[in-house]
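Analysis of the macromolecular model
Now for the letters of each chain:
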Amino acid sequence: MSESLVVPRLAAGAHDLRPWEMADLPLVREASADPYIPLITTVPPVYSRAEGEAFVRRQWTRSETGAGYPFVIERRRDARPVGTIGLWLRDLPEGRATLGYWIAAPHRGEGAAGAALSAVSEWALGTLAVPRLQLLVEPWNTASARTAERAGFEREGVLRAWQEVGGERRDMVMYGWVGSRPA
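My aim in this report is to walk through the structure given alongside it, one point at a time. (Residues numbered from 1 in each chain as written. Predicted model: local features only at pLDDT ≥ 70, side-chain atom pairs only at ≥ 80, totals over all residues. Heavy atoms only, no water.)

Moving on, we come to unusual backbone geometry. For Ala-79, which is not glycine, the phi torsion reads 55 degrees and is therefore positive. By the secondary structure assignment, Ala-79 is in the loop between strand 3 (68-75) and strand 4 (80-88). Non-glycine residue Ala-161 carries a positive phi angle of around 50 degrees. In this fold, Ala-161 is placed in strand 7 (residues 154-165). Judged by relative accessible area, which is 38%, Ala-161 ranks as partly exposed. (Helix = DSSP H or I, 4+ residues; strand = E, 2+ residues; numbered from the N terminus. Buried < 20%, exposed > 50% of the residue type's maximum accessible area, 1.4 Å probe, protein only.)

Here's what the structure looks like:
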C-alpha cells in the first residue's frame, strides 16, 4: 500500500472512533502500564513522553502509507480516550483485512471494544467492500473472544505457534467474517 488514507470519524454506540492525536498520550501511558498490551502491540513497555509521541506518530504513518486505519476509541459522554482499534490492510490484495484492538485496563467491561469492532466491521464490509475480515485472539483471552463473537465473527480454528508474544511462540484463535454485513 502506498496511497494515503483518511481515518474517518465513526459512531460506535456510546463511543466515537477518531484519528490519533498527541493529546492521547495519557492513553498511551495507561497502555504502557498494562502487562500484556506492550507484548502484542507497538505500545512502549516503558512510557516516556518521547516514546508516547513516537507511538502516536507511528499511527499517523500507518494511515499515511496506506497500511491501515488506526482509530482511538473515545467515550462520548466525557471525550475520554479508552482504547484503540485498527483495520490493517496488508492482505487487502488477497481480499482480506485484519482487525486488532485493545482497551486500557480502567475502561474494560464498558462495551467499548465490542461497539468499536461492530462499527469498524460494518464500515469495512460496507463502505470499503472488504470481502473478509479477520482477527486473532489468544485462546485464554475469553473476553476478547466473546467480543469478537458478539460482533458477528465466527471462530474458525486454532493456529498453532502462530505468533511470538513475550519471547515465546503462542497459539492464536482465528476469527473471521466473510461476506457483507446483514442489512
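Picking up where we left off.
The sheet built from 8 strands is open, its strands ordered 1-2-3-4-5-6-8-7 with mixed pairing. Each edge of the open sheet is held by one strand with a lone partner, namely strand 1 (10-12) and strand 7. For this sheet, the mean inter-axis angle between neighbouring strands, taken without regard to orientation, is 30 degrees. Pairing of strand 5 (residues 96-103) with strand 6 (residues 132-137), which is carried by 3 bridges, proceeds in the parallel orientation. By the bridge assignment for strand 6, Ala-97 is matched with Leu-133. On top of the sheet, helix 3 (residues 49-64) reaches strand 3, strand 4 and strand 5; it is set at about 130 degrees to strand 3, its chief contact. (Pairing = 2+ DSSP bridges. Axes fitted to C-alpha atoms, helices over the stretch in contact; angles between N-to-C directions. Contact = heavy atoms within 4.5 Å.)

As a further point, take the packing of aromatic side chains. Summed over the entire model, instances satisfying the criterion amount to 5 aromatic pairs. For the ring pair Tyr-69 and Trp-123, a centre distance of 4.8 Å and an interplane angle of 90 degrees mean the geometry is edge-to-face. With Tyr-69 in strand 3 and Trp-123 in helix 4 (residues 112-126), the pair connects residues that are 54 residues apart, well separated along the chain. For Trp-123, a relative accessible area of 13% puts it in the buried group. On the basis of an interplanar angle of 90 degrees and a centroid distance of 6.0 Å, the ring pair of Phe-71 and Trp-123 is categorised as edge-to-face. One end of the pair, Phe-71, is in strand 3; the other, Trp-123, is in helix 4, with 52 residues separating them in the sequence. Summarising the burial analysis for this pair, Phe-71 and Trp-123 share the class buried. Of the aromatic side chains, those joined through ring pairs into one cluster are Tyr-69, Phe-71 and Trp-123. (Phe/Tyr/Trp six-rings, centres within 6.5 Å; stacked < 30°, edge-to-face > 60°.)

Attention now moves to helix 1 (residues 25-32). Looking at helix 1, one finds that the buried residues are Leu-25, Leu-27, Val-28, Ala-31 and Ser-32. All buried residues of helix 1 project into a common sector of 155 degrees when viewed along the axis, lining one side. The inward-facing, buried residues of helix 1 contact helix 2 (37-40), helix 3, strand 3, strand 4 and strand 5. (Arc of directions from axis to C-beta.)

A word on the nonpolar core. Ranked by internal contacts, the top residues of the largest apolar core, which has 37 residues, are Leu-17, Ile-85, Leu-87, Leu-133 and Phe-153. Secondary structure elements with two or more residues in this core: strand 1, strand 3, strand 4, strand 5, helix 4, strand 6, helix 5 (142-150) and strand 8 (168-178). Broken down by element, the residue count for this core peaks at 10 residues, all from helix 4. The contact partners of Phe-153, leaving out residues within four places of it in the chain, are Leu-99, Leu-117, Ser-121, Leu-133, Gln-134, Leu-135, Ala-148, Tyr-175, Gly-176 and Trp-177. (Core = buried A, V, L, I, M, F, W, Y, C linked by side-chain atoms within 4.5 Å.)

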